Amino acid sequence: MIRITDRLPVEVEYRSIRHLILQSPSEKISDDQLAHVLASCPHLETVILSGVPDTTDRTIVLLAENAVNLQGLNLSGCTQVTDVGVLDVTNKSPPLQWLQLNGVVGLTDPSISAIAKTCSRLTELELCDLPLLTPVSVRDIWSFSRKLRTLRLAHCPLLTDKAFPSPLTSLPPVDPDGEKPLPHRPITWLEGLPPLILHHSADNLRHLDLTACKNLTDDGIEGIVSHAPRIQTLIVAGCSELTDRAIESVCKLGDHLDTLILAHVANITDRSIVRLARSCANIRCIDVAFCRHLTDLSVIELASLNSLRRLSLMRVHKLTDNAVFALAEHATGLERLHLSYCDCLSLDALHLLLKRLENLQHFVATGVRSFIKRKGIKRFSEVPPPNSDPNQQAAFRVFAGENIERLRRFLDKEEKRKREAEARSIPFIPRSDDSLDLY
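Computed from a prediction, not measured in an experiment: that's the story for all the values here. (Residues numbered from 1 in each chain as written. Predicted model: local features only at pLDDT ≥ 70, side-chain atom pairs only at ≥ 80, totals over all residues. Heavy atoms only, no water.)

Draft legend 1. Region of interest: the overall build of the chain. Along the chain, the regular secondary structure elements total 14 helices and 15 strands. For the chain, the C-alpha atoms occupy an extent of roughly 85 × 80 × 35 Å along the three principal directions. Residues classed as buried in the chain amount to 52% of the 439 residues present. Taking the intrachain contacts of the chain between residues at least 6 apart in sequence as the baseline, contacts between residues at least 24 apart amount to 73%. Total accessible area computed for the chain in this model is approximately 20,800 Å², and 51% of it derives from carbon and sulfur atoms. Side chains of the chain give 51 positive and 54 negative charges; the mean places of these two sets differ by 4 Å. (Helix = DSSP H or I, 4+ residues; strand = E, 2+ residues; numbered from the N terminus. Buried < 20%, exposed > 50% of the residue type's maximum accessible area, 1.4 Å probe, protein only. Contact = heavy atoms within 4.5 Å. Areas by Shrake-Rupley, 256 points an atom, 1.4 Å probe, with all protein chains shown as cover. Lys, Arg positive; Asp, Glu negative; His and termini not counted. Charge placed at Lys NZ, Arg CZ, Asp CG, Glu CD.)

Draft legend 2. The arrangement of the nonpolar core in detail. Membership of the largest hydrophobic core comes to 122 residues, with the highest contact counts inside it found for Trp142, Leu276, Leu327, Leu337, Leu353, Phe363 and Phe371. With five residues, helix H10 (residues 321-330) is the largest single contributor of residues to this core. Apart from residues no more than four positions distant in its own chain, leucine 276 is found in contact with Ile247, Val250, Cys251, Leu257, Leu260, Ile283 and Ile286. Judged by nonpolar contacts, the second largest core, of six residues, contains Ala237, Ile261, Ala263 and Ala289. (Core = buried A, V, L, I, M, F, W, Y, C linked by side-chain atoms within 4.5 Å.)

Draft legend 3. Quick look at the side chain of aspartate 321. Along the polypeptide, aspartate 321 turns up in helix H10. We note that aspartate 321 is buried and unpaired, the nearest opposite charge coming from lysine 418 at a distance of 12 Å. Within the structure, aspartate 321 has its side chain in polar contact with the side chain of serine 346 (distance 2.7 Å). Residues in contact with aspartate 321, not counting those within four places in the same chain, are Cys344, Leu345, Ser346 and Ala349. (Salt bridge = Lys/Arg side-chain N within 4 Å of Asp/Glu carboxyl O. Polar contact = N/O pair within 3.5 Å; in protein donor to acceptor, adjacent residues only side chain to side chain.)

Draft legend 4. View of the environment of alanine 266. By the element assignment, alanine 266 lies in the loop between strand E10 (259-261) and helix H8 (270-279). Here the alpha-carbon distance between alanine 266 and alanine 289, two residues 23 residues apart in the chain, equals 8.9 Å.

Draft legend 5. Structural context of the pairing of strand E2 (residues 17-21). The buried fraction of E2 amounts to four of the five residues, a majority that puts the element mostly inside the structure. Pairing of strand E1 (residues 2-5) with E2, which is carried by four bridges, proceeds in the parallel orientation. In the sheet register, isoleucine 2 faces E2, and the bridge partner there is isoleucine 17. Relative to strand E3 (residues 46-48), E2 runs parallel, the two being bridged by three bridges. Among the inter-strand pairings, isoleucine 21 is bridged to a residue of E3, identified as isoleucine 48. Note on the crossover from E2 through helix H1 (residues 31-38) to E3: the handedness is right-handed. (Pairing = 2+ DSSP bridges. Right-handed = clockwise from strand over helix to strand, strands pointing away.)

Draft legend 6. Examining the state of the cysteines more closely. The final tally for this structure, using the stated rule, is zero disulfides. Counting only cysteine sulfurs, cysteine 280 is the nearest neighbor of cysteine 251, a cysteine outside any disulfide, at a range of 5.2 Å. Assessed through its relative accessible area of 8%, cysteine 251 is described here as buried. Unpaired in this structure, cysteine 344 has its nearest cysteine sulfur neighbour in cysteine 342, at a distance of 8.6 Å. Of the residues examined, cysteine 344 reaches a relative accessible area of 46% and is grouped as partly exposed. (Disulfide = S-S within 2.5 Å.)

Draft legend 7. Region of interest: the packing of aromatic side chains. Per the stated rule, a full pass over the model turns up five aromatic pairs. Aromatic side chains phenylalanine 363 and phenylalanine 371 sit 6.0 Å apart centroid to centroid with 80° between the ring planes, which places their arrangement in the edge-to-face category. Assessed through its relative accessible area of 0%, phenylalanine 371 is described here as buried. A centroid spacing of 5.8 Å and a plane angle of 80° characterise the contact between phenylalanine 371 and phenylalanine 399, whose relative ring orientation is edge-to-face. Taken together, the residues phenylalanine 371 in helix H12 (residues 369-373) and phenylalanine 399 in strand E15 (residues 398-400) connect sequence positions 28 residues apart. (Phe/Tyr/Trp six-rings, centres within 6.5 Å; stacked < 30°, edge-to-face > 60°.)

Draft legend 8. Representation of empty space enclosed by the protein within the structure. A complete count under the given rule lists two cavities of 30 Å³ or more for this structure. Each pocket or cavity is described by its volume, and for the largest cavity that value is around 110 Å³. Taken together, Ile141, Trp142, Ser145, Arg146, Leu148, Leu151, His200, Ser201, Ala202, Asn204 and Leu205 form the lining of the largest cavity. Space inside the second largest cavity adds up to approximately 30 Å³. What lines the second largest cavity is simply Leu73, Leu75, Val86, Val89, Leu96, Leu99 and Leu101. Split by residue class, the lining of the second largest cavity holds seven nonpolar, no polar and no charged. (1 Å grid on protein atoms, 1.4 Å probe; cavity = no way out; pocket = protein on both sides within 12 Å on 5 of 7 lines; lining within 4 Å. Points joined across faces, edges and corners; volume = space filled by probe spheres on them. Nonpolar A, V, L, I, M, F, W, Y, C, P; charged D, E, K, R; others polar.)

Structural data, given as structure tokens:
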């Protein structure tokens, strides 16, 4: 078994190669070169072509004809591939177990439906950034792909609640007088789709990514949770229509929930986060960045989670030192913490936090005024991205690895200097170096 990475195999390797990975080839590979090679490699099991964006349908057809034991295929970013190539793969019925088609912008519903109906062994399917994907084909995924453990549908703008299983409570109410209510008149053909009623549950689904599916509402989340009750990772960042009711549905996942990403879900409030923290005790990672209505109460509840390892509170402007004190007291297992642009946090509170969180490996305090104004802290920060403007560079405060321990020692030293200055009744002057001298 041969695995080749970021180069094309030579002729003597054609019949022995099993895994071809072309993600970042050092030299540009043309579609003609790739087609010639794939036509001669009959034993391929894994093919990753994300580093060859010029790949065309012809090449995929040749791959499907020859690689009869193909188990994994990644065509992410191959914008020249269309339904023609993908349908040819499904027609050959290879034993695909994972398939990644992120950013293959020409794909439409027929090819995705064919994947769902013919690739019965699929456990991982990624369909992010497909502007033509509609609820029609996603409904087929829910209906036929019963072994899926990972499903990614991020940045698919046409998806609505109709793409997902209907909540069991969404059946039309019965009029006590026996008269049926007038049906809703659909505005588009997508609205005319009937509710997706499934007679099975997606018990295998563990990871669901719905980032920036802006038409998804609380009903959609309720239907998903009712049919996939063992989801461990749920990503709904940028789903701006969601409210507290969606989070209350997520609470039904209970101890199964491990990771929840709610960044830019601006309508949620403390009420749902408090209930979430009390219902899902095994959460290890939660992101509530840009959730402007949240206050210290949410953080205090999240801090009580013994399993919490990663927390993002970026631009949650209502946070005060009380939230930091709660994290320092209870969330001692935190490994990654983002507090960027939380303007009301003091240096003393953040110093206490750093002293208590001994397992912290990544700490982000970009835009926190107390960290920007304090001399000597910036030297422990990582280097800002090269494309950031002067204001972003000035506010950048990201600490990782050993630099966190160095920052901790520096702040401890300054605290010692301050106490000594107070004991001697002399003015305290902050230093930016590591000296203990008072002057």
